[in-house]
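# Results of the structural survey
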Amino acid sequence: MKIGDVTLAGDVVLAPIAGFSDVGMRSLCAEMGAALTYTEMVSAKGLIYGNEHTEDLLHTTDAEKVRAVQLFGSDPAITARAAASKELAKFDIVDINMGCPVRKIVSNGEGSALLKNPRLAADIVREVRKASKPVTVKFRIGFDKNSRTGVDFVKYIQDAGAAAATVHGRTREQFYEGKADWDYIAEVVRAAEIPVIANGDVFCAEDYRAIKEHTGAAGVMIARGALGRPQIFAEITGRECPYRTVRDMVVAHIETLLRFHSETYAVNNMKKQVACYCKGLRGGKQLKLEVFAAKTADQLLRAVDCGVLDVPAL
């Protein structure tokens, strides 16, 4: 798959997942075969005005061969300044979030709110494109069930210079409930002249094949299906998993976070991650209690070394 002048080694990518797609998760997914990884969504204003937490989201590893940063904002000039900033020089692609359903984001005219203002969305893409990197947009099929506007929306952003689009098959009204509408994603694919990446309800290799066939999309984005299961990319791509057990993956995840972040940040961030890794495993409930009680990296590592995670990674 090609996005602008960037050629990907495959067609399955890791979604930008707020609170989860940290540098450790992205590194693991890239090792497993994700052809493209996205940061968590980054505030364009936060980047311009030097918010310390914003810069914490921008760490990358050598495992990420093609890197995308996802920005959110509603001011074309500010978003363009952020895209052109030196902090984003290491990224190959700039993605604009036009799908986040969270009330705080939407009330600021950002995320899914832009589905109601396609001309502003196009202005943002047009200005960000001046940063001389491929620009992509992630959006939903519409704001609510009465305004499924994705087919028209993709035309606005492609005419403004977007190199590709990712379509989540739900409306803003749905948040993450209900079933993703693959039929409508297929309509967007047929209407678009740029590559479209399909997103929604992909939890295994069979789902990946099904959504590709159903929608005709150029690629597939995985979000919740990768939480606690970065090996889903190895299952899809046929790549050999470099880790023997789930525990080995968790330890690698922790070690990567500790390379880039403070101990407190790494430990606190891993608590929700470990909750995903141990989901459905015998003894997982007790492990979560021990992990949530951990205050240091040593305590965290001792907790995950209890045997619960000693199951095959693949």
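Read on for a plain summary of the structure. Computed from a prediction, not measured in an experiment: that's the story for all the values here. (Residues numbered from 1 in each chain as written. Predicted model: local features only at pLDDT ≥ 70, side-chain atom pairs only at ≥ 80, totals over all residues. Heavy atoms only, no water.)

Positive phi outside glycine occurs at serine 132, with the angle close to 65°. Relative to the helices and strands, serine 132 resides in the loop between helix H6 (118–128) and strand E7 (135–142). Overall, the relative accessible area of 63% leaves serine 132 in the exposed class. A positive phi is found at phenylalanine 175, a non-glycine position, where the angle reads about 55°. Turning to its location among the elements, phenylalanine 175 is positioned in the loop between strand E8 (164–171) and helix H8 (182–191). (Helix = DSSP H or I, 4+ residues; strand = E, 2+ residues; numbered from the N terminus. Buried < 20%, exposed > 50% of the residue type's maximum accessible area, 1.4 Å probe, protein only.)

As a further point, take the environment of alanine 162. Mapped onto the elements of the fold, alanine 162 is located in the loop between helix H7 (150–159) and E8. The buried category is assigned to alanine 162, whose relative accessible area is 5%. Taking the C-alpha atoms as reference, alanine 162 lies 17 Å from methionine 221; in sequence the two are 59 residues apart. Discounting chain neighbours no more than four positions away, the residues touching alanine 162 are Val125, Val135, Val137, Ile157 and Ile194. (Contact = heavy atoms within 4.5 Å.)

We now examine the pattern of salt bridges. Following the criterion strictly, the structure yields 12 salt bridges and no others. Between arginine 148 and aspartate 181 there is a salt bridge, with the nearest N and O atoms lying 2.4 Å from each other. Remark: aspartate 181 occurs in the loop between E8 and H8 and arginine 148 occurs in the loop between E7 and H7; sequence separation between them is 33 residues. For aspartate 181, a relative accessible area of 19% translates into the label buried. Taken together, the shared-partner salt bridges connect Arg170, Asp201 and Arg224 into one network. (Salt bridge = Lys/Arg side-chain N within 4 Å of Asp/Glu carboxyl O.)

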